[in-house]
Amino acid sequence: MKITAISNLELCGGKEALKEKISRLCEAGISEIILREKNLSVSEYCALFCEVLQICNHFGVRLFLHNFLDLAFDLEHKFIWLPLGVLQNFRQNSTRNLSKFEKIVVSAHSVNEAKLALNLGANALCLSHIFPTDCKANLEPKGLELIKEVREFWGGEIYALGGINSSNFRLALGMGADNIAIMSSAMTCENDKEFVRKFKI
């Protein structure tokens, strides 16, 4: 199982604090990082991504480039994590070849979205949100059933996201998820080593 932390500048309080947080999570043994700062401009994101990539490379932690697909092509970065709409738009407007990427994780919130993502070229899925979460307080969670339903037709890699914690992550794995992705608690925990330890199986 991979434990994947999703970045959030606002929760960390700025770029320097975010880099320090990512460094601590990497040192603590996190499996992967997603730099999910889609509110930045492309140039701002690129600068931050290159700095964070150095940190992740130092610790041997995989870093996903999120959202900015053209930038991923330009940087020749092999690991991308995309909203479904970004992938749809790319397929409609670009002739570039996604085979350059080793891993293409696409977010899906329903069975139909999961099928569409796979048809468009995803080779891994992030299903959300599984449990109630403050990030989406007004939306009903999709529940464990979404993982189960997608697992019935997809044998590849599934990440579970949304309200995942050390008490419920085994439920997501038991329903068919391979990995878990966490944002808020990863960004705000005070003891990173203890945070990561709680998810070790």
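Predicted, not measured: the structure shown is a model, and the values here were computed from it.

1. Some remarks on the pattern of salt bridges
Once the charged atoms of two side chains with opposite charge are near each other, the side chains can pair.
Turning to step 1, where the next piece is worked out: The final tally for this structure, using the stated rule, is 13 salt bridges.
Turning to step 2, where the next piece is worked out: For Lys2, the salt bridge identified is with Glu157, shortest N-O distance 2.9 Å. Residue Lys2 is located in the segment before β1 (3–6), and its partner Glu157 is located in strand β7 (residues 157–161); the two are separated by 155 residues in the primary sequence.
Turning to step 3, where the next piece is worked out: Its relative accessible area of 27% is what places Lys2 among the partly exposed residues.
Turning to step 4, where the next piece is worked out: A single salt-bridge network, built from bridges that share partners, covers Lys2, Glu32, Arg62, Lys103 and Glu157.

2. What about the packing of aromatic side chains?
Turning to step 1, where the next piece is worked out: Using the criterion set out here, one finds nine aromatic pairs in the structure.
Turning to step 2, where the next piece is worked out: Ring geometry for Phe73 and Phe90: centres 5.8 Å apart, planes at 20 degrees, overall stacked. In this pair, Phe73 is assigned in helix α4 (residues 69–75) and Phe90 in helix α5 (residues 84–93), connecting sequence segments 17 residues apart.
Turning to step 3, where the next piece is worked out: Three or more aromatic residues link up through ring pairs in this structure, and these residues are Phe64, Phe79, Trp81 and Tyr159.
Turning to step 4, where the next piece is worked out: In this arrangement the basic side chain of Lys115 is found over the ring face of Phe153, its NZ or CZ atom lying 5.0 Å from the centre.

Reading guide: rules and limits
- Residues numbered from 1 in each chain as written.
- Predicted model: local features only at pLDDT ≥ 70, side-chain atom pairs only at ≥ 80, totals over all residues.
- Heavy atoms only, no water.
- Salt bridge = Lys/Arg side-chain N within 4 Å of Asp/Glu carboxyl O.
- Helix = DSSP H or I, 4+ residues; strand = E, 2+ residues; numbered from the N terminus.
- Buried < 20%, exposed > 50% of the residue type's maximum accessible area, 1.4 Å probe, protein only.
- Phe/Tyr/Trp six-rings, centres within 6.5 Å; stacked < 30°, edge-to-face > 60°.
- Lys NZ or Arg CZ within 6 Å of the ring centre and 35° of its normal.

By themselves, these observations are geometric and do not establish any function.
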